[in-house]
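# Chains, contacts and geometry: an overview
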Amino acid sequence: MTLDPIHVENIARLAYGIAGDVDTTDHEDLAERVWDEWLTGLRRDGRVVIEPVADHERRRAPVDDVALAERPFGTVHGLDSGTINPTTFKNGLVVDVAHAAMAAEPTDLDLHRDRTIVATVHAGDSTADFDGEWTRRDDGHTRQRVLHAPRVNRYAEGVVHALALYLAEGTHALDHADEVGELLVLDGPIYPKELFTWEDRDPELGELAREAKPRAVVEKYVRLVERFVERGVPLAGFVKNPSSRTIVRTLSRKGFESPWPDDTALFTRLLERRAEGGARGSTDGRGGDGGREAAARLDDELTFTTWFHSRGGADGTMAADADALGIDRDLDPELYEPTFMVLYDPRTDVTYKLEAPYAFTRDEGTRDRLTRQVLADVATTRGPPAAVGKADALARIDATEKAALRRKFEERFDSDRQATYDDHRWGKDRY
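Residues numbered from 1 in each chain as written. Predicted model: local features only at pLDDT ≥ 70, side-chain atom pairs only at ≥ 80, totals over all residues. Heavy atoms only, no water.

### So, the packing of aromatic side chains
- Taken as a whole and judged by the stated rule, the model has ten aromatic pairs.
- Taken together, a centroid distance of 6.4 Å and an interplanar angle of 40° make the contact between Phe89 and Phe409 tilted. Of this pair, Phe89 sits in the loop between strand E5 (87-88) and strand E6 (94-105) while Phe409 is found in helix H15 (residues 399-413), placing the two residues 320 residues apart along the sequence.
- When the ring of Phe238 is compared with that of Tyr352, the centres are 5.1 Å apart and the planes differ by 35°; the resulting orientation is tilted. Within this pair, whereas Phe238 is found in strand E11 (residues 235-239), its partner Tyr352 is found in strand E15 (residues 350-357), the two being separated by 114 residues in sequence. The residues Phe238 and Tyr352 share a single accessibility class, namely buried.
- Ring pairs connect the aromatic residues Trp35, Phe267, Phe308 and Phe340, which therefore count as one cluster.
- When the ring centre of Trp134 is taken as reference, the NZ or CZ atom of Arg145 above it lies at 5.8 Å.
- A cation sits over an aromatic face here: Arg201 above Tyr155, 5.2 Å from the ring centre. (Phe/Tyr/Trp six-rings, centres within 6.5 Å; stacked < 30°, edge-to-face > 60°. Helix = DSSP H or I, 4+ residues; strand = E, 2+ residues; numbered from the N terminus. Buried < 20%, exposed > 50% of the residue type's maximum accessible area, 1.4 Å probe, protein only. Lys NZ or Arg CZ within 6 Å of the ring centre and 35° of its normal.)

### Topic: empty space enclosed by the protein
- Counting across every chain of the model gives two cavities of 30 Å³ or more.
- Reported here for the largest cavity is a volume of approximately 110 Å³.
- Taken together, 14 residues line the largest cavity, and the ones lying closest to its centre are Ser244, Asp263, Phe267, Phe340 and Lys353.
- Looking at the lining of the largest cavity, the elements with two or more residues in it are helix H10 (246-253), helix H11 (263-271), strand E14 (338-345) and E15.
- Tallied by class, the residues present in the lining of the largest cavity amount to seven nonpolar, five polar and two charged.
- Here the second largest cavity defines a volume of roughly 70 Å³. (1 Å grid on protein atoms, 1.4 Å probe; cavity = no way out; pocket = protein on both sides within 12 Å on 5 of 7 lines; lining within 4 Å. Points joined across faces, edges and corners; volume = space filled by probe spheres on them. Nonpolar A, V, L, I, M, F, W, Y, C, P; charged D, E, K, R; others polar.)

Below, the structure is given as structure tokens:
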């Protein structure tokens, strides 16, 4: 330990000083104002970026009741993709490998064996060509290929990561779409939003997003929506760590000083319930409101919103009046628009988002079934739906496996990976 007890105490005193200058008494009123006045139809640059799909309500459901309630969907499939993380080698190659899997609840072992693997490579040498065709291994249970990433001057690691992750996930979902009979839940958003942010991050990335290979990756998700609409099977995405800032950024542009760093913090404020009296804040007895004792968080009910359209930020790419990166949409463009509802679990103090294309949530019955399903799943697992958790476990590549795979690449390339001081400092070289 590098800090003595006196140092810890001194740092803690700094925290007390900061807390003393933070007045949260009006945050609840501000949140209510945003809910009542802005989230009924929030506009930015002439486009309505957030608006209710139908009802505009916050609701509650007793944890024990929804955990024991009958599920609207008897069999749920989950899908996830994991990577080894971008790795730079001394020969100039930057590589990431993604590994996608689908799981079912109840379990389907044959399905769980299937994998889609993509290795994406970026090379500084413009004459190199690493593209490969899809091949099958493991008696046909594994489909894999090498993708040569478009050349960029910066962000090579981010490019190989996104292309590998989303190509593996989108391909696996399409290949196994017909095996899903009731509901597919992706682990994460319903679209490859990291690719959608490229246009806003950097002009070079913005141009890259519209090149053939990134567009082909995005097209996988467009066709996935169409396939599930055609079959009449709902498609959703469970976002464990929502990070959108569409609402708070739009409010800021309107001159509204938001105290919340992102939309999740706003929704948490709107959905968290406290006992009457006392202050909001930590439950350690110090409180954050004039020294009053913090009120206990009520944790007997899950709280959640009804559904919203989302056409701002990364979601704006799939808005009806946007061009979806130039990809042809066979259905009414409005049907591809992302919609979402937000769910708060007070037992873990975690806020989740469930997404689905408007093609499904335009139907009141489907909205109701998706809502009841996610409530039951979260109430039972205290986290993601069981099918999503299984897919995450199947697709995850742990630290030891990542290190072993990197060593394999080093052997094949006859080149060490480019190490940094932090690798040595934090012991990564031990793997």
